[in-house]
Amino acid sequence: MYISEKEFPEGAQTLLWSLAISLIIEKNADPEQMLLSYLRKRRILFLSVPLSHSFEIRLTGTKYGCGGGGCGACTVMISTYEPALKKIRHYSANACLLPICSLYGAAVTTVEGVGSTKTRVHPVQERLAKCHGSQCGFCTPGMVMSIYTLLRNHPEPTSEQMIAALAGNLCRCTGYRPILDACKTFCKESICCQRKTNEKLFYLLFSTDEFQPLDPTQELIFPPELMRMAENQPKRTLFFHGERMTWISPVSLDELLDLKATYPKAPLLVGNTSVGPEMKFRGMFHPIVIAPARIPDLNMVKCTDDGLTLGAACSLSLVKDILTNAMAEFPEEKTKVFSAVLQQLRTLGGEQIRNIASLGGNIVSRKSTSDLNPILAASNCMLNLASRGRKRQIPLSDIFADGVGNNTITPEEILVSVHVPHSRKGEYVSAFRQAPRRENALPVTNAGMRVIFEEGTDTIKDLSIFYGGAVSTTVCAKQTCRTLIGRHWNKQMLDEACRLVFKEIALPGSDNGETVDYKKTLIVSFFYRFFLEVSQSLKTMDPCHYPGIPMEYRSVLQDFKTKMPQSIQIYQAKLSQSPQDPVGRPIMHQSGIKHATGEAVYIDDLPSVDGELFLAVVTSSRAHAKIVSIDTSEALKGPGVFDIITAHDVPATNEFYYSDDPEIIFARNKVICVGQIVCAVVADSDDHAKQAAAKVKIEYEVLEPVILTIEVLIIYFLLLFYCFIYLINGREIRIGGQEHFYMETQSVLVVPKGEDNEMDVYVSTQHPAIIQEMVAASLGVPANRIMCHVKRVGGAFGGKLLKAGLLASVAAVAANKTSRAVRLILSRGDDMLITGGRHPFIGKYKVGFMNDGRIRAVDAKYYINAGCTPDESVLVAEVSLLKMDNAYKIPNLRCWAYACKTNLPSNTAFRGFGFPQSALVTETWITGVADKIGLSPEKIREINMYKENEQTHFKQKLDPQNLIRCWNECMEKSAYYSRKTAVNEFNKQNYWKKKGIAIVPMKFPFGLGTRYLSQAAALVHIYTDGSVLLTHGGIEMGQGIHTKMIQVASRELNIPMSCIHFCETSTTTVPNACASVGSAGTDVNGMAVKDACQTLLKRLQPIINKNPKGTWNDWIKEAFEQSVSLSATGYFRGYNENMDWEKGEGQPFTYFLYGAACSEVEINCLTGDHKNLRTDIVMDIGCSINPAVDIGQIEGAFVQGIGLYTMEELKYSPEGVLYTRGPDQYKIPAVCDIPEQFSVSLLSSSQNPYAIYASKGIGEAGLFLGCSVFFALRDAVTRVRNERGLKKTFTLNSPLTAEQIWANCADDFAEMVIGSWEEGSV
Ligand SMILES: Cc1cc2nc3c(=O)[nH]c(=O)nc-3n(C[C@H](O)[C@H](O)[C@H](O)COP(=O)(O)OP(=O)(O)OC[C@H]3O[C@@H](n4cnc5c(N)ncnc54)[C@H](O)[C@@H]3O)c2cc1C
Ligand code: FES
Ligand code: FES
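Bear in mind that the values here come from a model prediction, so they are computed numbers and not experimental data. (Residues numbered from 1 in each chain as written. Chains lettered and ligands numbered in written order. Predicted model: local features only at pLDDT ≥ 70, side-chain atom pairs only at ≥ 80, totals over all residues. Heavy atoms only, no water.)

Asks: Describe the overall build of the protein chain, with residues and values.
Replies: Scanning the protein chain for helices and strands turns up 38 helices and 49 strands. Relative to a compact globule of 1322 residues, whose C-alpha radius of gyration would be 34 Å, the protein chain shows 31 Å and is just as compact. Principal axes of the C-alpha set define a box for the protein chain whose edges measure 95 × 85 × 70 Å. Residue pairs at least 24 apart in sequence account for 76% of intrachain contacts in the protein chain once pairs closer than 6 positions are excluded. For the protein chain, the computed accessible surface area is about 47,800 Å², with 52% contributed by carbon and sulfur atoms. Charge-centre separation for the protein chain: the mean point of 136 positive side chains lies 2 Å from the mean point of 137 negative side chains. (Helix = DSSP H or I, 4+ residues; strand = E, 2+ residues; numbered from the N terminus. Rg over C-alpha atoms; globule rule 2.2 N^0.38 Å. Contact = heavy atoms within 4.5 Å. Areas by Shrake-Rupley, 256 points an atom, 1.4 Å probe, with all protein chains shown as cover. Lys, Arg positive; Asp, Glu negative; His and termini not counted. Charge placed at Lys NZ, Arg CZ, Asp CG, Glu CD.)

Asks: Summarise the sheet that holds strand β16 (residues 427-434); cite the residues concerned and give the values.
Replies: One open sheet holds the four strands; their spatial order is β16-β17-β18-β19, and the pairing between them is antiparallel. Edge positions in the sheet fall to β16 and β19 (475-476), since each of these pairs with one other strand and no more. Pairing between strand β18 (residues 460-468) and β19: two bridges, direction antiparallel. Each residue of the ladder has a partner; that of Phe466, found in β19, is Cys476. Packed on one face of the sheet, helix α17 (residues 516-541) meets β16, β17 (445-453) and β18 and runs near 145° to β16. (Pairing = 2+ DSSP bridges. Axes fitted to C-alpha atoms, helices over the stretch in contact; angles between N-to-C directions.)

Asks: Give a detailed account of the confidence of the model for the protein chain, specifying residues and quantitative values.
Replies: Per-residue pLDDT for the protein chain has a mean of 92; in total, 93% of the residues score no lower than 70. In the predicted structure, residues 48-52 sits below a pLDDT of 50 and forms six contacts with residues beyond four places in sequence or in another chain. pLDDT under 50 marks residues 1312-1322. Its contacts with residues more than four places away, or in other chains, come to 32 contacts. (pLDDT = per-residue confidence, 0-100.)

Asks: Residue-level account of the site of ligand 1, with values.
Replies: As a matter of local geometry, ligand 1 sits amid 33 residues, with Val270, Gly271, Thr273, Ser358 and Asp371 nearest to it. Taking Ser274, its main chain carries an N or O atom lying 2.9 Å from an oxygen atom of ligand 1. With respect to ligand 1, the side chain of Asn362 contributes an N or O atom lying 3.0 Å from an oxygen atom. Burial of ligand 1 by the protein amounts to 91% of the accessible area it has alone, namely 970 Å². Among the secondary structure elements, those contributing two or more residues to the shell around ligand 1 are α13 (359-365) and β15 (414-421). Top element by residues in the shell around ligand 1 is α13. It accounts for five residues. Per-class residue counts for the shell around ligand 1 are 16 nonpolar, 14 polar and three charged. (Near = heavy atom within 4 Å. Polar contact = N/O pair within 3.5 Å; in protein donor to acceptor, adjacent residues only side chain to side chain. Nonpolar A, V, L, I, M, F, W, Y, C, P; charged D, E, K, R; others polar.)

Asks: With reference to specific residues and values, describe the sheet that holds strand β9 (residues 246-249).
Replies: Taken in spatial order, the three strands of this open sheet run β8-β9-β10, and their pairing is mixed. Edge positions in the open sheet fall to β8 (238-241) and β10 (288-290), since each of these has one partner strand only. Going across the sheet, the axis of each strand differs from the next one's by a mean of 15°, ignoring polarity. In this structure, β8 lies alongside β9, joined through four bridges in antiparallel fashion. Bridging across to β9, Phe239 finds its partner in Ile248.

Asks: Go over the UniProt feature "binding site: [2Fe-2S] cluster 1" (unreviewed entry) in the protein chain, please, and point to the residues and values.
Replies: Under the UniProt annotation, "binding site: [2Fe-2S] cluster 1" (unreviewed entry) lies at Cys66, Cys71, Cys74 and Cys96. Despite a sequence span of 31 residues, these residues sit close together in the fold, their greatest C-alpha distance being 10.2 Å. In this structure, Cys66 sits in the loop between β4 (54-57) and β5 (75-82). A relative accessible area of 5% places Cys66 in the buried class. (UniProt positions renumbered as here; feature names shortened; annotations may be inferred. Buried < 20%, exposed > 50% of the residue type's maximum accessible area, 1.4 Å probe, protein only.)

Asks: Before we move on, can you summarise the pairing of β16 with the specific residues and values?
Replies: It is a general feature of regular strands that their side chains alternate between the two faces of the sheet. Across the eight residues that make up β16, a large majority, eight, are buried. Neither face of β16 is open: one carries Glu427, Val429, Ala431 and Arg433, the other Tyr428, Ser430, Phe432 and Gln434, and all of them are buried. Pairing between β16 and β17: eight bridges, direction antiparallel. Considered in β17, the bridge of Tyr428 is made with Val451.

Asks: I'd like a description of the nonpolar core, backed by residues and values.
Replies: Formed by 279 residues in total, the largest nonpolar core has its most connected members in Tyr467, Trp489, Phe527, Phe666 and Met1179. Residues contacting Met1179, with those up to four places away along its chain left out, are Cys966, Met1002, Tyr1154, Gly1155, Ile1194, Ser1241, Leu1242, Leu1243, Ile1258, Ala1261, Gly1262 and Leu1265. Membership of the second largest hydrophobic core comes to 77 residues, among which are Tyr91, Ala107, Phe240 and Cys314. (Core = buried A, V, L, I, M, F, W, Y, C linked by side-chain atoms within 4.5 Å.)

Asks: Please provide a residue-by-residue account of the side chain of Asn654, values included.
Replies: With respect to the helices, strands and loops of the structure, Asn654 is situated in the loop between β23 (641-645) and β24 (655-656). Engagement of the side chain of Asn654 in a polar contact is seen with the backbone oxygen of Phe666, the distance being 2.8 Å. The residues contacting Asn654, other than those within four sequence positions of it, are Ala647, Glu663, Ile664, Ile665, Phe666 and Arg668.

Asks: Describe the packing of aromatic side chains, listing the residues and the values that go with them.
Replies: Summed over the entire model, instances satisfying the criterion amount to 30 aromatic pairs. On the basis of an interplanar angle of 20° and a centroid distance of 6.0 Å, the ring pair of Phe206 and Phe211 is categorised as stacked. By relative accessible area, which is 8% here, Phe206 ends up buried. Ring geometry for Tyr518 and Trp1302: centres 5.1 Å apart, planes at 45°, overall tilted. You can see Tyr518 sitting in helix α17 and its partner Trp1302 sitting in helix α37 (residues 1298-1305), a full 784 residues away along the chain. Joined through ring pairs, the aromatic side chains of Tyr428, Phe453, Trp489, Phe527, Phe530 and Phe531 make up one cluster. Just above the ring of Tyr428 sits the side chain of Lys336; from NZ or CZ to the centre is 4.5 Å. Above the ring of Phe986, the side-chain terminus of Lys995 is found at 4.4 Å from the ring centroid. (Phe/Tyr/Trp six-rings, centres within 6.5 Å; stacked < 30°, edge-to-face > 60°. Lys NZ or Arg CZ within 6 Å of the ring centre and 35° of its normal.)

Asks: Let's hear about unusual backbone geometry: which residues, and what values?
Replies: Only a minority of non-glycine residues have a phi that is not negative, and only a minority of peptide bonds are not trans. Look at the link from Glu704 to Pro705: it is a cis peptide, with omega at -10°. Of the consecutive residues Ser1294 and Pro1295, the connecting peptide bond is found in the cis state with omega at 5°. Note on placement: Pro1295 falls in the loop between α36 (1267-1283) and α37. Phi at Asn1054 is positive, roughly 60°, even though this residue is not glycine. Summarising the element assignment, Asn1054 is placed in the loop between α31 (1041-1053) and β42 (1060-1062). By relative accessible area, which is 55% here, Asn1054 ends up exposed. Even without being a glycine, Ser1079 presents a positive backbone phi close to 60°. Considering the arrangement of structural elements, one finds Ser1079 in the loop between β43 (1065-1066) and α32 (1081-1106).

Here it is as structure tokens:
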């Protein structure tokens, strides 16, 4: 049948699917609409069962985190029914990439369908919350859905299945440990390490006794209507017409071929994981798409004599299952190809991606990063292609002819199926990949290799080598393979192969910040690894003829695998305390259950306001340029566009002078970085606003100079300032910046109230008062007209201060101009581009020391890349100086810090605020001293550590007793010395794999430098029914502040926590509140809450005294009747802190936290890959108010520190354009990155007289301890270098990525690969 466009049915067809058990009938299904925006933004028409009445609802439990399938925040469960097999399939998927049109006949379960506080909280939700698996809660619904889906398929999963199910879900707060603890409770082999060995010191953070059992019979059933529909209704072609796009879903192969002949340019959409991101992020558009997933031929699975034939629409998960089964069914000899393909599938994407991405899509996209194409091509897989009137079979390798993506599949052709052959006797097949993160990350380079020998010999009969990641598509080392045929599998062949491959695979220059050298070496090292594997297999086959590989080489044949981590948390139990007093107990986060059910409301979950407009920003594409003109004419013509907002629309302040240079809302005449906001579009929908924003044309005249790095800045000013010359010659370390990657992007909803210039501003910020101040100033109205409200923040880490103020001002200016409510939710890409992050840092130093290891003098200079505006950079520079000593007494110190103005987006506060950088510099020179005099780093640390009552470099007194206790306990708990011996032993026995171990102490000063910044206030109301409404100036962003404040109020008022409610932080209830920063929230707000409660209790005391046996409610009733005020404010003046920068002396801090961490790692020298084996942390945090929350903060910060020091790398083009704008390019730690053994102990018997209930503020300190992993890696690299006689001094910069590890293991790796192979070892 031929279908022409004219024959499309006039109207779109109705989309029928289901959410939970309610049927959804969508009459206007738009092919461009993804499930995520549909759930969140559309009022969905439900037809309840039976179809008697309907209702509308917005489902906001499913979150937006990236829009590109990379974070898992939008995970939902899809269920489909297969009538032929009478089987229901449940799988997790990313709603952000799922077109709603693909859901015809499917059932979707969102977090709301799993359970809720109104119906029943599901065991997954309950356990995640009660195991403290949520902090900000933004990732939690996605986590719930991934675990829930796994349990629907496997009610008693193995720990491997559990770990695999979470590989596609990112969490920026928790460090994953508590999430995994919750998961373990469902696993067959419960590996729960929580112990209760000593009543006094060891305690549980949660009790499994409280958990409801998992009862699979209680789960939602598949909607019977859809089942009947699948069984009874013949499948028919579906058409959906949207505003710009038509979706056609044929049911037969012939129909598909006709369509493809008519619309050769229309893509076949199966999983949409390739086309979707291209349309969203790279501006591609397709007016017609064809969805072939329902065609049986494309879903076939056939087992033939010579292999398996798999339909092109089979999902990668299905392929994985089929190959796994085949591995069990066939002898090993026949399954080498299957095994190699499986090897790649295990780490390809996350489970959500594999569940929807198709085999055909992966192959036909021909992406350079395809993990399947190199191995399928090397294995001689065949493609079954069809077009109208023609069928043919071609080798898969043909589609990459000459390595440049020669299009051997014609536009009219479709891939029907793929034949994956059995391997043969004497055939060896392997696949390799190296990615910036072991799981859920596109590869840097990958490879598929196959060799077959003449029977009974090691003479090469056929050889195939394919690489991915090298050029724009998969590439074959054809010449190399041809040349090597007939050669023996030995050292000479290896030498030549490496040389030939190097020569043949020509890599183009880098165009996205990647370095070519690393890829080149990976290309060779993969072949080397293949050589080792095959050599060893030859030995297994015939030990008499083939010696195999040396013992110490064997471990490199094992890839690092992710295991379910084991963990221990230790804190001191409060046994003598009244059972009702919650202080000191591991109380669940006050919003934990709501996080897990998706009921917790974030800014973009707020219901839409009548007439609301959506705002999209237009940003500068130049780093330094004059704005010549802004042409908005095309944008204004766009559908739904309401207006365009520029600097001219700002009624009052567009530039805020918090220091010499301004913070700017809209660029006026010139731009000073790529990503600066130039103007904004407001439209009736998010999509319309974004489409119009892309049409605004800005003409620039480039200005000189464009300064992006500190190095360039120094060189530039060298001409002017002679004194900098000497610095360049010093020893130095570079520390890269870091993206906050809070899971909730910057969000604001501004609602004009229609009178007296009043505005409600709902905003995701850590500092409502500054938002109020900036919005009021930009509009030219008094602050009393602007009401800022913050319920909770989906992660902030320092990134939602001034930047949030500028964005709120943008939205407020738009709301003011249009008199409409305006919603601004930054996309992940825009957020990363615009809002800056942690300051990149260069530390230059000179150190004077004695040959016994005592440090006598340090001269250090820090250069901080501030970006294009000051923001908090000068403060960051100051803090980096004040905290640079870390745990060491430095008798003579000179240090300087420079905040350098460049043309990068302005950098800002980030957890640790300069300390993680300057203390890393310190630990680097400590290690350098150790190298120099031949003592171990831990000895140098011990020699120079603060020992008794001493003074810091700014003459503040400190008592380091607890620092030493932490260090000693950490030494002991980690069994440091015996493990160091074991590491040495391992290293002697392994050549390509090495282990490293390091222990690092920490002193973290607490304080904000001046009194007024730590003042705080609270407001407590008691209502006549006895319930208490508590508010204070702190912001809940995951750190559990509201939970702790309720604990404080509960203790002070002596009532259960359940009587106390926290609603929101608002400028209307607590004015002029200081920012929630610097770990100070609980300290200062706790004092204020305590003060308010004590005021109230004082008023109630006479009533209580009169009726001591009365209840709380009796007393409150009586108080009301006696006209006693039941509302009180509480206030804390702040800490008396000061610093005289002229003298370099002061008391800028109130107290000190201490800690120590020991980490052990293992590296693979061939690839630079590493595995975090074990971390032990001991931390002095005084008397913890809530050990579960505090341990969560330590672990979360520590894992963020692992990200900072070992993984997270921001990449810019030479023109200052940020390349790393999403989880695809920027890798934060995932489940696979946390240590296999992870223990945190809180130092016992520690008191702090300065903070509430003797606690200590803990939010930031743990991040620095992530550098113990950096130094463990350094230790491993040092051992490699020592063993190979490489030069002694070397510098490792941060982040210490796989590429850097690899680069420092050898000067010329390729040469080493060949040169180190000892004669006759094979
Ligand atoms: C977050 C994320 C992580 C990822 N990680 C990895 C990874 O680690 N390794 C890796 O290899 N890949 C990775 N991918 C890529 C993913 O595997 C591919 O995008 C996917 O396999 C493509 O399949 P699809 O069904 O989604 O293709 P679609 O996007 O639906 O289609 C892709 C293209 O293939 C064509 N096509 C599809 N089927 C046929 C057919 N039968 N005949 C002819 N043409 C066809 C379409 O016309 C279209 O041009 C990742 C993707 C995402 C989004
Ligand atoms: S929002 Fe869908 S994966 Fe990130
Ligand atoms: S709790 Fe996971 S991102 Fe905040």
